[in-house]
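Below, each chain spelled out in residue letters.
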Amino acid sequence: MAARLHIIGGGLAGSEAAWQAAQAGIPVILHEMRPVRGTEAHQTDSLAELVCSNSFRSDDAVNNAVGLLHEEMRRAGSLILRAADACKLPAGGALAVDRHAFSAAVSDALENHPRVELSREEITALPTAEWGSVIVATGPLTSASLGASIGAATGEDQLAFFDAIAPIVHRESIDFDIAWFQSRYDKEGPGGGVADYINLPLNEDQYRRFVAELLAGEKTDFKQWEKSTPYFEACLPIEVMAARGEQTLAFGPMKPVGLQDPRSSQRPHAVVQLRQDNGLGTLWNMVGFQTKLKHAEQVRIFRSIPGLENAQFARLGGLHRNTFINSPRLLDSQLRLKSRPHLRFAGQITGVEGYVESAAIGLLAGRFAAGELSGIGAPLPPPTTALGALLSHITGGADARTFQPMNVNFGLFPEFPKSAKIRGKDRKQAMSARALRDLSCWLDGAGSKETAAE
Ligand SMILES: Cc1cc2nc3c(=O)[nH]c(=O)nc-3n(C[C@H](O)[C@H](O)[C@H](O)COP(=O)(O)OP(=O)(O)OC[C@H]3O[C@@H](n4cnc5c(N)ncnc54)[C@H](O)[C@@H]3O)c2cc1C
């Protein structure tokens, strides 16, 4: 009998991984703890339950990176996308679903699949190598005992129990007539650079107005069960810091010491610093700007910062209860834990963010595991595809020192050469066209050179 694949967690990622592997001929045991043990957010015992919104976001495969990811997943035979398409509700350009019909469709497909066995149990520790190939897809609300076991295997500081997300800006949308590159005190960084940060200056009036906006801006609330998460002092939201005193930020994340605006040759009253967030240098993180401000408020208030008037945000800030590992440090390119390669990780626990991204990483993990177990191998998706761009980001493209969960966005894709002069909307459309062309080659069996059987 063919070797079996164990998958822990029957959420978005685990369900998709099970489907992909089973469709590739691999027998799967899917271990799901509900209803034996619940989570703080799930309400049912269905597979692939949507714990909050019923939207998979934009379905525009031409201009939007998550819409492109939908399309790539459809073409790769995704169960999650098939069920979403079958259960969709009117929602303009978004793909929204009837949540109960959606979960029922996923549950039916897996429960009736001849190669899938469903086992309702909590797995309380990381399986040993005797289990053979395992995918861990237990999500942001991984049960406490398994979380502790993952922490012990990876090192406690490589596993987070909450996220503290600062907004990320597309570099090309920053106004460099105002912004300048400089490291504080021109101090040499680990990479040898002395001008590693992008700096945005605020004079005293601009700073005071900015602080007032932060305090007045509309915030989202923590859910009752999130309130006890012990992170506040370690990672305060910027507006909470601002509430401690008008000048607190000017002595904290916005301190200007060691920086000089080259245009005025002065030290500004306050500075917003952005740090490079991906190897491609397309995405820049607003240092210390984790926030519970509502998304629309973030866009409005952060665009009042000089140099960010036209900022395009690849990700907006947030703080949530979440469980995720430091994937860029811990996982190899095929999602295997480097220290225990019989274990793969998939879904939100790998540090992607969102239903679609979680399912996408499940799709890849299922294919990689199936390729390995069958001996056929599975090529990596090209980094020019949405699947490949997301995978490359979490398995090495992102900076491991500051790794936080990420949505799919065009900033993760390799740029076109400058000489091609493709900008704005045309750039997104060209990236989408390139992605779907390269995806076809991958689905036909050619991909990036390295394969999952290696
Ligand atoms: C409260 C909340 C709201 C969210 N809202 C949204 C949203 O609106 N839109 C969006 O795009 N994303 C949202 N997310 C983020 C994320 O997209 C979802 O959490 C998504 O479900 C993640 O998919 P997953 O497969 O990684 O995890 P899940 O879908 O959570 O699946 C994990 C599964 O593992 C099971 N499990 C956990 N531990 C064990 C164990 N030890 N043994 C066996 N089974 C186990 C769980 O019961 C669960 O079924 C939200 C997250 C949270 C926590």
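In this text the structure is predicted, and so the values were computed from the model without any measurement.

**Digging into the environment of Glu-49**
Stage number 1. Secondary-structure assignment places Glu-49 in the loop between β2 (28-32) and β3 (55-58).
Stage number 2. Residue class for Glu-49 comes out buried when judged on its relative accessible area of 8%.
Stage number 3. Linking Glu-49 and Phe-102, residues 53 residues apart in sequence, is a C-alpha distance of 8.2 Å.
Stage number 4. Ignoring anything within four residues of it in the chain, the contact list for Glu-49 reads Leu-12, Arg-34, Ala-41, His-42, Gln-43, Thr-44 and Ser-103.
Stage number 5. Within the structure, the side chain of Glu-49 is placed 2.6 Å from the backbone nitrogen of Gln-43, a separation counted as a polar contact.
Stage number 6. At a separation of 2.7 Å, a polar atom in the side chain of Glu-49 contacts the side chain of Thr-44.

**With respect to unusual backbone geometry**
Stage number 1. Between Arg-34 and Pro-35 the backbone carries a cis peptide bond, its omega angle lying at 0 degrees.
Stage number 2. Relative to the elements of secondary structure, Pro-35 occurs in the loop between β2 and β3.
Stage number 3. Despite not being glycine, Tyr-185 shows a phi value in the positive range, around 55 degrees.
Stage number 4. For Tyr-185, the location among the structural elements is in the loop between β10 (180-181) and β11 (197-202).
Stage number 5. Residue classification places Tyr-185 among the exposed positions, given a relative accessible area of 59%.
Stage number 6. Notably, Ser-265 is not glycine yet its phi reads approximately 55 degrees, a positive angle.
Stage number 7. If you trace the backbone, Ser-265 turns up in the loop between α7 (238-242) and β12 (270-276).
Stage number 8. Judged by its relative accessible area of 47%, Ser-265 falls in the partly exposed class.

**A few points about the sheet that holds strand β9 (residues 168-170)**
Stage number 1. Pairing in this open sheet of six strands is antiparallel, and the strands run β10-β11-β12-β13-β9-β14 from one edge to the other. One side of each edge strand has no neighbouring strand; the edge strands of this open sheet are β10 and β14 (313-315).
Stage number 2. Looking at chain direction, β9 and strand β13 (residues 283-286) are connected through three bridges and run antiparallel. Bridge pairing links His-170 to Leu-283 in β13.
Stage number 3. The sheet strands contacting helix α6 (residues 204-216) are β11 and β12, and the helix crosses β11 at an angle near 95 degrees.

**Here's the deal with the sheet that holds strand β17 (residues 340-345)**
Stage number 1. Reading across the sheet, the six strands line up as β6-β2-β1-β7-β17-β16 and stay open at both edges, with mixed pairing between neighbours. Here the strands that pair on one side only, and so sit at the sheet edges, are β6 (116-120) and β16 (336-337).
Stage number 2. In this sheet, β17 lies alongside strand β7 (residues 134-136) in parallel orientation, the contact comprising three bridges. Directly across from Ile-135, in β17, lies its bridge partner Arg-344.
Stage number 3. On top of the sheet, helix α1 (residues 12-23) reaches β1 (5-8), β2, β6 and β7; it is set at about 170 degrees to β2, its chief contact.
Stage number 4. Here helix α10 (residues 355-374) sits on the sheet in contact with β1, β7, β16 and β17, set at roughly 150 degrees to β17.

**Some words on the side chain of Arg-344**
Stage number 1. Within the element layout of this structure, Arg-344 appears in strand β17.
Stage number 2. The exposure class of Arg-344 is buried, given its relative accessible area of 1%.
Stage number 3. A distance of 2.9 Å separates a polar side-chain atom of Arg-344 from the backbone oxygen of Gln-334.

Rules and cut-offs
Residues numbered from 1 in each chain as written. Predicted model: local features only at pLDDT ≥ 70, side-chain atom pairs only at ≥ 80, totals over all residues. Heavy atoms only, no water. Helix = DSSP H or I, 4+ residues; strand = E, 2+ residues; numbered from the N terminus. Buried < 20%, exposed > 50% of the residue type's maximum accessible area, 1.4 Å probe, protein only. Contact = heavy atoms within 4.5 Å. Polar contact = N/O pair within 3.5 Å; in protein donor to acceptor, adjacent residues only side chain to side chain. Pairing = 2+ DSSP bridges. Axes fitted to C-alpha atoms, helices over the stretch in contact; angles between N-to-C directions.

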